[in-house]
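# Residue-level structure breakdown
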Amino acid sequence: MRQTLVAGNWKLNGSKESIQTLVKGIADGMSDVDGTAVAVCPPYVYISMVADLLDGTEIGLGAQDVADQETGAYTGEVSAAMLKEVGCQYTLVGHSERRSIYGEQDADTAAKFAAAQKEGLTPILCIGELLEERESGDTENVVARQLDAVIELSGVEALADSVIAYEPVWAIGTGKTASPQQAQDVHAFIRSKIAGLNADVAAKVQILYGGSVNGGNAAELFAMEDIDGGLIGGASLTSEAFLAICTA
Ligand code: 13P
């Protein structure tokens, strides 16, 4: 039985004050969350502060991105070792906003995935298709290509110590959620693709759904066989909305 994970990706949002309120609100509501692991991914500069605020809670901590390099002349980058040192357990890699706005390629994401695992961070590998890719029937090809880049570099066994987040790009921040069946179909495809290489890894890996998840649609999505939780954007920015998903 895979454990459910709900992770909040705060993206480029928050201030010291709003984040203190948000973390306190989530921590206070955790007594109502049963059997689901919860994590938050603040902007880099607030990670240390959030680590202190989370001390003594069950809430996990992740970054939104990580450098593909370990150290050296890479202005603006933050390494996996640094993230680990300030208290992260997770890091997102390959979020669609990194891919589509900042030009991150499949190979870059794969290198970040490997860099994270090398330092003992659990990568949350984000994959998903654009609207035009779905409309042209390419959804499975796209997620397979994105997964293959990681499998080629790190091996399929590496996926056992990772989390996959399927986030159809057309559902992110649009209020347009994939139907539970649409999401389940892609999750089942991802799991069966992995099972073709290693059945134990496929049975173990958590596959989260992301894209306009909220308190009203989370329960139905999370009830699907291959959906093991959610990666939440907009609805992770208030404790009420986020906790409604964590308790769903
Ligand atoms: P929304 O929940 O705002 O659609 O964002 C999803 C997402 O991108 C999480 O990484």
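Structure first, text after, so check above.
Here is a short report on the structure shown in this document. (Residues numbered from 1 in each chain as written. Predicted model: local features only at pLDDT ≥ 70, side-chain atom pairs only at ≥ 80, totals over all residues. Heavy atoms only, no water.)

### Description of the side chain of Ser-212
Within the fold, Ser-212 resides in the loop between strand S7 (206-210) and helix H10 (218-222). Note on Ser-212: relative accessible area 18%, which makes it buried. Within the structure, Ser-212 has its side chain in polar contact with the backbone oxygen of Ala-171 (distance 2.7 Å). Among all residues touching Ser-212, those that are not within four sequence positions of it are Ala-171, Gly-173, Thr-174, Gly-175, Lys-176, Thr-177 and Asn-217. (Helix = DSSP H or I, 4+ residues; strand = E, 2+ residues; numbered from the N terminus. Buried < 20%, exposed > 50% of the residue type's maximum accessible area, 1.4 Å probe, protein only. Polar contact = N/O pair within 3.5 Å; in protein donor to acceptor, adjacent residues only side chain to side chain. Contact = heavy atoms within 4.5 Å.)

### Thoughts on the environment of Glu-85
By secondary structure assignment, the location of Glu-85 is in helix H3 (residues 80-85). Residue classification places Glu-85 among the exposed positions, given a relative accessible area of 72%. Each C-alpha atom of the pair Glu-85 and Trp-170 lies 35 Å from the other, and the pair is 85 residues apart in sequence.

### Description of the packing of helix H1 (residues 16-29) against helix H11 (residues 239-246)
Running from amino to carboxyl end, H1 crosses H11 at an angle of 35°, the nearest separation of the two axes being 9 Å. Regarding H1 and H11, the two cross each other, and that crossing is right-handed. Of H11, the residues touching H1 (which contributes Leu-22, Gly-25, Ile-26 and Gly-29) are Ser-239, Phe-242 and Leu-243. For the contact of H1 with H11, the residue count by class is four nonpolar, three polar and no charged. (Axes fitted to C-alpha atoms, helices over the stretch in contact; angles between N-to-C directions. Left-handed = near helix turned anticlockwise from the far one by under 90°. Nonpolar A, V, L, I, M, F, W, Y, C, P; charged D, E, K, R; others polar.)

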